[in-house]
Amino acid sequence: MVSDMEVDMNGEDDSKGGMWALEQKIDQPMDEEAGRLKNMYREKKFSTILLLRLAFQSLGVVYGDLGTSPLYVFYNTFPKGIDDTEDIIGALSLIIYSLTLIPLIKYVFIVCRANDNGQGGTFALYSLLCRHAKVNTIPNQHRTDEDLTTYSRATIHEKSFAAKTKRWLEGHVFKRNTLLLLVLVGTCMAIGDGILTPAISVLSASGGIKIDHPGMSTDVVIVVSVIILLGLFSLQHYGPDKVGWLFAPVVLIWFLLIGGIGIFNIWKYDVGVLRAFSPIYIYRYFARRGKNGWTSLGGIMLSITGVVLNDAGTEALFADLAHFPLSAIQLAFTVVVFPCLLLAYSGQAAYLMKNKEHVSDAFYRSIPDIILTASEKVVSNRIRGNLADSIYWPMFVIATLAAIVASQATISATFSIIKQANALGCFPRVKVIHTSSKFLGQIYIPDINWILMVLCIIVTAGFKNQSQIGNAYGTAVVIVMLATTFIMILIMLLVWRCHWILVLIFAALSLIVECTYFSAVLFKIDQGGWVPLVIAAVFLFIMYVWHYGTVKRYEFEMHSKISMAWILGLGPSLGLVRVPGVGLVYTELASGVPHIFSHFITNLPAIHSVVVFVCVKYLPVYTVPEDERFLVKRIGPKNFHMFRCVARYGYKDLHKKDDQFEKKLFDNLFMFVRLESMMEGGSDSDEYSVYGGQSQRSKDFLLPDTNHNTFSSVVDLTVSSGDSIVPAKSPHNVHNSGMSSGQVSSHTEVDEMEFLTGCRDAGVVHIMGNTVVRARRDSTFYKKICIDYVYAFLRKICRENSVIFNVPHESLLNVGQVFYV
């Protein structure tokens, strides 16, 4: 028996001797298969009318969270009240320049350009880095993956500064793990924001009830908020596609209303607030308030929460540029969002200049006609009826709807974050449901939904006020900002290949502003800021342990994979009984024979007539087109009837949505056999790499789909006692006749197609490993805790692979074994 070869972290053989050459000849990389798929990615161009429509639609999906910030910013900036009206001017100046520097300049015009073929967010940035440098901690990629249409990347000159940075980043595993940890920290904080955004938005909107009913208890507001949150989370399984058309009109009306109210209040109360556009008032603000002014930055930062959160991996903002191009995002922000927000904050500031005691309810109090005196209200009612109520209650309804839209965006974004983390091997397997046939990114994860709902209600009912939730919100947002900045530095160096001076300027300006905010929120850790830290720490621990266990399990499989020479030494029958049917052996390896297969044939006396090693792997791209998804090749001579199929997915692709996965696999397998016969004249050859992907031109050659007859694995292993199964003219002949392996190899391509069809009709069995991962005896105490307890517990409660792959129970065969890592 030939011993297994050692494999390094990159999946490459260390030995270059005869055995290595034999392995490469038998089980070649899929260069030819992938090379046939190469196409150029082309940017879409939009007409002016379409661009305006997309900009309008982006308002509801992109800017809902940012638009609801005026509900609570001033209250969180001055939670103890306003001592001097000049402080209002200083706070407004900070808000103006925060909105200008971070959302407008940094995110809309710089960070948004770092998109992955139209996809934005932290995971998109990380995917870009994984394509430009070998920083992926799970080495299951191959150079053939670079030929994908969506696998776009820039070439790096060997002597450039970018190349030096690349070598520095790839130089040690510690640096790769640090980068992954940075991405996970930003991701976990974004998940925490997905809990805090619905809490603070809905609670702030519901608080408007007390304005019209001053004697109402705060508990009533809490109950109303909890009811809204319950309804919001309970309806998530329908997806936003059903009511998504309402989002853009609601948010547009919201922005126009708050902008119009702002103009009215500036004109009515104090036009002098416009002097806040001078940055000198920022200096005076800090000089006058000292430490209190510094700590109030936590409230100021809430004015930019929507931008920062959604850049951190959500679909709500900048993350769905495939549906909303960058130009539409920029147009909507500069024309509608930015000016309306400036007017809204300026109007509230003007109102507070005359009514600084109303800072806790500044938004609702500043609505026109609400603040009339008793005599004025009598006169107003005589002339216009109860106009105050007619303005207030519609505004309350719109505010509540806007808060729900903002919450919906962050909840959907959290689902997307979990899905992407799962695709990168950083989160336990969960059930993912696709809620829309039109939009790829609209998904629903039941388990995460109920966890978010419980945590959101606990936060809302536990704090009972906006101030502490705002402190928690600000802490999470500033950490996400910092994580994004550090990743952007690497993007500018490796992807954009900017001059190091430009990178230094970007890093310096960003870090000065963000570190200032970060230092401010540190003072409020004990006032609610600890909440996102605890939530993020729990999710970070889960994600890191799962990723650690996944990497160790993959390394074990790489080092213990079976030599192809050993398989060939067994002969066409593999030393077993070849029974009718097709065995799909699932593995994470894109090359070599997994250890589970040797474990299977060592303990059972039979194997199926056709064996297909199926590798389902996720790549650092947002999606893999259907016609580029499958790579098929033959393993060994034709009479072995062994194949390999690699199914490739992007981090936004949904495998469960691929309900016809088995049919597509066989379609590509049949097409492979036809193309192989056409290229090789139907004879045996040393070359077994022929592309098996389905194209529009080749659909006429595909066999019609037939009904699959499924049967239990017990029957599979006892149907036949012959030494081998051979091609036959019909499924009945496949069941009842046998030929030698030499006769099999002499059959034409048509006979092999009939043979494969007959085996498929006989039954398809999905063979999956039900592995138990244990730490070695000589492992450290921390490794034993992580692997034997935490990782084992997560594997026990997560979804089985058979559920994720949508495998029927009656055609599933689990093979159990223990891995010592």
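Residues numbered from 1 in each chain as written. Predicted model: local features only at pLDDT ≥ 70, side-chain atom pairs only at ≥ 80, totals over all residues. Heavy atoms only, no water.

As recorded in an unreviewed UniProt entry, the chain goes by the name Potassium transporter, listed as coming from Centaurea solstitialis.

It is worth spelling out the overall build of the chain at this point. From N to C terminus, the chain includes 33 helices and eight strands. Burial statistics for the chain: of 821 residues in total, 57% are counted as buried. Of all intrachain contacts in the chain linking residues separated by at least 6 positions in sequence, the fraction that spans at least 24 positions is 83%. Accessible surface, the chain as shown: approximately 32,800 Å² in total, 61% of it carbon and sulfur. (Helix = DSSP H or I, 4+ residues; strand = E, 2+ residues; numbered from the N terminus. Buried < 20%, exposed > 50% of the residue type's maximum accessible area, 1.4 Å probe, protein only. Contact = heavy atoms within 4.5 Å. Areas by Shrake-Rupley, 256 points an atom, 1.4 Å probe, with all protein chains shown as cover.)

Next up on the list: the packing of helix α6 (residues 85-108) against helix α22 (residues 466-494). In the contact formed by α6 and α22, the axes pass within 13 Å of each other and the chain directions differ by 30°. One element, α6, and the other, α22, form an angle in the roughly parallel class. In this structure, α6 meets α22 at a crossing whose hand is left-handed. Residues Ile102, Lys106 and Tyr107 of α6 pack against Met481, Thr484 and Thr485 of α22. Residues that form the contact of α6 with α22 fall into these classes: three nonpolar, two polar and one charged. (Axes fitted to C-alpha atoms, helices over the stretch in contact; angles between N-to-C directions. Parallel < 35°, antiparallel > 145°, perpendicular 65-115°, else oblique. Left-handed = near helix turned anticlockwise from the far one by under 90°. Nonpolar A, V, L, I, M, F, W, Y, C, P; charged D, E, K, R; others polar.)

The strand order across the open sheet built from six strands is β5-β6-β4-β3-β7-β8, with neighbouring strands paired in mixed fashion. Because the sheet does not close on itself, it has two edges, and the strands there are β5 (630-634) and β8 (812-820). Neighbour-to-neighbour, the strand axes of this sheet turn through a mean angle of 25°, independent of strand direction. Here eight bridges tie strand β4 (residues 606-618) to strand β6 (residues 642-649), and the two strands are oriented parallel to one another. Looking at the pairing, Val616 lines up with Ala647 of β6. Helix-sheet contacts for helix α26 (residues 595-603) involve β3 (577-587), β4, β7 (764-774) and β8, and the interaxial angle to β8 is about 115°. (Pairing = 2+ DSSP bridges.)

Within helix α7 (residues 122-132), 11 of the 11 residues are buried, leaving the element largely enclosed by the surrounding structure. Those residues of α7 not exposed but buried are Thr122, Phe123, Ala124, Leu125, Tyr126, Ser127, Leu128, Leu129, Cys130, Arg131 and His132.

Here we come to the packing of α6 against helix α13 (residues 280-289). Two elements in contact, α6 and α13, have axes separated by 8 Å at closest approach and are oriented at 130°. On the basis of the axis angle, α6 is oblique to α13. Of the two elements, α6 crosses α13, and the hand of that crossing is left-handed. Contacts between α6 and α13 involve Glu86, Asp87, Ile89, Gly90, Ala91, Ser93, Leu94 and Tyr97 on the former and, on the latter, Tyr281, Ile282, Tyr285, Phe286, Arg288 and Arg289. Its residues placed into classes, the contact of α6 with α13 shows eight nonpolar, two polar and four charged.

So, on to the pattern of salt bridges. Counting across every chain of the model gives 13 salt bridges. For Glu86, the salt bridge is made with Arg275, and the minimal N-O distance between the two is 3.4 Å. Taken together, the residues Glu86 in helix α6 and Arg275 in the loop between α12 (247-268) and α13 connect sequence positions 189 residues apart. On the accessibility criterion, Arg275 (31% relative accessible area) is partly exposed. For Lys552, the salt bridge identified is with Glu555, shortest N-O distance 4.0 Å. Placement of the pair is Lys552 and Glu555 together in helix α24 (residues 530-559), with a separation of three residues, close to one helical turn. What makes Glu555 buried here is its relative accessible area of 19%. Among the ionic contacts, a cluster of salt bridges with common partners joins Asp87, Arg288 and Arg289. (Salt bridge = Lys/Arg side-chain N within 4 Å of Asp/Glu carboxyl O.)

Before going further, it helps to examine the pairing of β5. The side chains of a regular strand alternate between the sheet's two faces. Most of β5 sits inside the fold, with five of its five residues counted as buried. Covered by surrounding structure in β5 are Phe630, Val632 and Arg634 together with Leu631 and Lys633, the residues of both alternating faces. As paired strands, β5 and β6 are joined by five bridges and run antiparallel to one another. Following the sheet pairing, Lys633 is matched in β6 by Arg644.

On to a nonpolar patch on the surface. Residues Phe161, Trp500, Ile501, Leu502, Leu504, Ile505 and Leu509 make up a contiguous nonpolar surface patch of roughly 720 Å² in combined accessible area. In terms of residues, the nonpolar patch owes the most to one element, helix α23 (residues 500-521), which gives six residues. Position of Leu509 relative to the elements: it lies in helix α23. (Patch = residues over 30% accessible without salt bridge, like charges linked within 9 Å, V, L, I, M, F, W, Y side chains within 5 Å.)

If you trace the backbone, Gln330 turns up in helix α17 (residues 326-354). Look past the residues within four positions of Gln330 in its chain and what remains in contact with it is Val108 and Phe109.

Attention shifts here to unusual backbone geometry. Leaving glycine out, the prevailing phi sign among residues is negative, and the prevailing peptide bond configuration is trans. Although it is not a glycine, Arg497 adopts a positive phi angle of roughly 55°. Structurally, Arg497 can be placed in the loop between α22 and α23. Despite not being glycine, His641 has its phi angle at roughly 55°, a positive value. For His641, the location among the structural elements is in the loop between β5 and β6.

With that out of the way, let us pick up the packing of aromatic side chains. Taken as a whole and assessed by the stated rule, the structure comprises 20 aromatic pairs. Here Phe415 and Tyr444 contribute two aromatic rings whose centre-to-centre distance is 5.8 Å and whose plane-to-plane angle is 85°, an arrangement assigned as edge-to-face. Here Phe415, found in helix α20 (residues 387-423), pairs with Tyr444, found in strand β2 (residues 443-444); they are 29 residues apart in sequence, far enough to count as distant. With respect to class, Phe415 is no different from Tyr444; both count as buried. Residues Phe666 and Phe670 carry aromatic rings whose centres are separated by 6.3 Å and whose planes lie at 40° to one another, so their mutual orientation is tilted. (Phe/Tyr/Trp six-rings, centres within 6.5 Å; stacked < 30°, edge-to-face > 60°.)

Next up on the list: the pairing of β6. For β6, a buried count of eight out of eight residues is recorded, marking the element as mostly surrounded by other parts of the structure. By the alternation rule, side chains of β6 split into Met642, Arg644, Val646 and Arg648 and Phe643, Cys645, Ala647 and Tyr649, which are all buried.

On to the confidence of the model for the chain. Counting all residues, the mean pLDDT for the chain is 76, and 77% of those residues have values of 70 or more. Within the chain, the element-level pLDDT minimum falls on helix α28 (residues 713-716), averaging 28, and the maximum on α13, averaging 92. A low-confidence stretch, residues 1-25 (pLDDT under 50), is modelled with 42 contacts involving residues beyond four sequence positions or located in other chains. Below a pLDDT of 50 lies the segment residues 33-43, which in the model reaches 29 contacts outside its immediate sequence neighbourhood of four places, other chains included. (pLDDT = per-residue confidence, 0-100.)

The next point concerns the environment of Leu274. Relative to the assigned elements, Leu274 resides in the loop between α12 and α13. You can call Leu274 partly exposed: its relative accessible area is 40%. Expressed as a C-alpha distance, the spacing of Leu274 and Ala350, which sit 76 residues apart in the sequence, is 8.9 Å.

Next up on the list: the environment of Gly528. Residue placement: Gly528 occurs in the loop between α23 and α24. Gly528 sits 57 residues away from Asn471 along the chain, and the two C-alpha atoms are 5.5 Å apart.

Right, let's talk about the environment of Leu179 for a bit. Mapped onto the secondary structure, Leu179 falls in helix α9 (residues 173-206). On the accessibility criterion, Leu179 (5% relative accessible area) is buried. Sequence-wise, Leu179 and Phe486 are 307 residues apart; in three dimensions their C-alpha atoms are separated by 9.2 Å. Beyond its immediate stretch of four places on either side in the chain, Leu179 contacts Tyr126, Leu129, Val135, Leu169 and Leu490.

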